[in-house]
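Residues per chain are reported as follows:
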Protein chains: 2
Amino acid sequence: MSGPADGEPRGLAERREAALEHLASSHQLWLATASDGHGPHLIPVSYVWDGTSLTTATFARSRTSANIRSCGLVRAAIGSTGDLLMIDAVASVRAVTEIDAAVADAYARVASDPRSVPGFTYIQLLPQRMQVWRGAHEFTGRTVMLEGDWLAQTVD
Amino acid sequence: MSGPADGEPRGLAERREAALEHLASSHQLWLATASDGHGPHLIPVSYVWDGTSLTTATFARSRTSANIRSCGLVRAAIGSTGDLLMIDAVASVRAVTEIDAAVADAYARVASDPRSVPGFTYIQLLPQRMQVWRGAHEFTGRTVMLEGDWLAQTVD
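The model shown is predicted, which means the values in this text are computed figures rather than measured ones.

**Q** Pulling in residues and values, what's your account of the pairing of strand 3 (residues 54–59) of chain A?
**A** All names here are of chain A. Most of strand 3 is tucked away: 5 of the 6 residues are buried. Inspection of the sheet shows strand 2 (residues 41–49) paired to strand 3 by 3 bridges, in the antiparallel sense. Across the sheet, the residue bridging to W49 is L54, located in strand 3. What sits between strand 2 and strand 3 in their antiparallel hairpin is a turn of 4 residues, with G51 showing a positive phi close to 100°.

What follows is the structure, given as structure tokens:
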């Protein structure tokens, strides 16, 4: 380990701040999905964060969309393997007509616009748990959101 | 999209080369696992590549280890969301005594050594399919390995 793995573990307030920075400063995440009878799936996707949920998109007929229709629990990572935000979220497949125009416009600025790409559908992620860490020395105290609520006190 | 997403899509030989470069130049990957009845799991882990399989490690009592014991199909990503190698692999949990000393020594140079960390176990990944791409313009032709064999001809 090197770089960010060194140093004092960050406290809760600093990690909450880091979570918001990850959400706002990046437009790319790794999205892991699954459904019974299939192995896990993993894809990189573009996203936008509106302060409550993440909006992304992929092919309506993809494994990712099928998994989410079958099992609405997903796990998404933002950042690098050494400095990351991990999100457990409830996901749902959303038609173009279900997405707020401002969110759709924001998404179109960072990726292909599902409103004009045939076969694309939106996916919304509502975070339930968020964890922030930079290597094993920060495993303790990494949870910053639980059951959809930002934490005021460390739980781990 | 910007940067690596631009330019001519690479051909098969160049992508095979890129797969080997990803495998050799990085020691960190994203590992997605699943088992029936649970949502997907995703963690960053260290790994080494010995030319045939990837060796990584995590806690024996972790969700990742439990998933692999239940469902030996995993998906692993190396690189960034915009320039990546995606690997579908058969995974197995391996005891310290099952790992070749040279591989264990190589692993100990890039991460905590499972031979001296209580509760840790090795995990071996045998790639079945590998895909290499840099954004949507390279979706076609991204498969470089199928059923464990490096491809000599494009299949997608």
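**Q** How would you summarise the pairing of strand 2 of chain A if you had to cite specific residues and measurements?
**A** All names here are of chain A. By the criterion of burial, strand 2 is predominantly enclosed, with 8 of the 9 residues buried. Judged from the 6 bridges that link them, strand 1 (residues 28–33) and strand 2 form a sheet pairing that is antiparallel. By the bridge assignment, W30 is partnered in strand 2 with P44.

**Q** Got a sec to walk through the packing of aromatic side chains? Specific residues and values, please.
**A** Scanning all chains against the criterion turns up 7 aromatic pairs over all chains. Aromatic pair F59 of chain B and F120 of chain B: ring centres 4.7 Å apart, planes at 75°, arrangement edge-to-face. Of the two residues, F59 of chain B is situated in strand 3 (residues 54–59) and F120 of chain B in strand 6 (residues 120–133); the sequence distance between them amounts to 61 residues. Ring geometry for Y107 of chain B against Y122 of chain B: centres 6.1 Å apart, planes inclined by 75°, an arrangement best described as edge-to-face. Placement of the pair is Y107 of chain B in helix 3 (residues 101–110) and Y122 of chain B in strand 6, with a sequence separation of 15 residues. The buried category is assigned to Y107 of chain B, whose relative accessible area is 2%. Y122 of chain B sits in the buried class, given a relative accessible area of 0%. Lying across the ring of F139 of chain A, R142 of chain A places its NZ or CZ 4.6 Å from the centre.

**Q** Got a sec to walk through the interface of chain A and chain B? Specific residues and values, please.
**A** Contacts between the two partners involve 32 residues from chain A and, on the opposite side, 32 residues from chain B. Carbon and sulfur atoms supply 72% of the area that chain A and chain B bury against each other, a total of about 2300 Å² over both sides. Applying the counting criterion to the chain A and chain B interface returns 0 salt bridges. For the interface between chain A and chain B, the tally reads 6 residue pairs in polar contact (both at pLDDT 80 or more). Here the side of chain A that touches chain B gets 7 residues from one element, more than from any other, and that element is strand 4 (residues 73–80) of chain A. Classifying every residue of the side of chain A that touches chain B by side-chain character gives 20 nonpolar, 10 polar and 2 charged.

**Q** For a nonpolar patch on the surface, give the residues involved together with the corresponding values.
**A** There is a patch of nonpolar side chains on the surface, built from L73, V90 and L126 of chain A and spanning about 240 Å² of accessible area. Position of L73 of chain A relative to the elements: it lies in strand 4.

**Q** Tell me about the relation of the copies chain A and chain B, and name the residues and values.
**A** Superposition of chain A onto chain B requires a rotation of 180° combined with a translation of 0.0 Å along the rotation axis, giving an RMSD of 0.0 Å. On this basis, the relationship between the two copies can be described by a two-fold rotation axis. Taking the C-alpha atom as reference, chain A places D36 of chain A closest to the rotation axis, 2.3 Å from it. Comparing contact sets, 100% of the residues at the interface of chain A also lie at the interface in chain B, consistent with an isologous, same-surface contact.

Cut-off values and rules
- Residues numbered from 1 in each chain as written.
- Chains lettered and ligands numbered in written order.
- Predicted model: local features only at pLDDT ≥ 70, side-chain atom pairs only at ≥ 80, totals over all residues.
- Heavy atoms only, no water.
- Buried < 20%, exposed > 50% of the residue type's maximum accessible area, 1.4 Å probe, protein only.
- Helix = DSSP H or I, 4+ residues; strand = E, 2+ residues; numbered from the N terminus.
- Pairing = 2+ DSSP bridges.
- Phe/Tyr/Trp six-rings, centres within 6.5 Å; stacked < 30°, edge-to-face > 60°.
- Lys NZ or Arg CZ within 6 Å of the ring centre and 35° of its normal.
- Contact = heavy atoms within 4.5 Å.
- Buried area = accessible area lost by both parts, 1.4 Å probe.
- Salt bridge = Lys/Arg side-chain N within 4 Å of Asp/Glu carboxyl O.
- Polar contact = N/O pair within 3.5 Å; in protein donor to acceptor, adjacent residues only side chain to side chain.
- Nonpolar A, V, L, I, M, F, W, Y, C, P; charged D, E, K, R; others polar.
- Patch = residues over 30% accessible without salt bridge, like charges linked within 9 Å, V, L, I, M, F, W, Y side chains within 5 Å.
- Areas by Shrake-Rupley, 256 points an atom, 1.4 Å probe, with all protein chains shown as cover.
- Least-squares fit on C-alpha atoms with pLDDT ≥ 70 in both.

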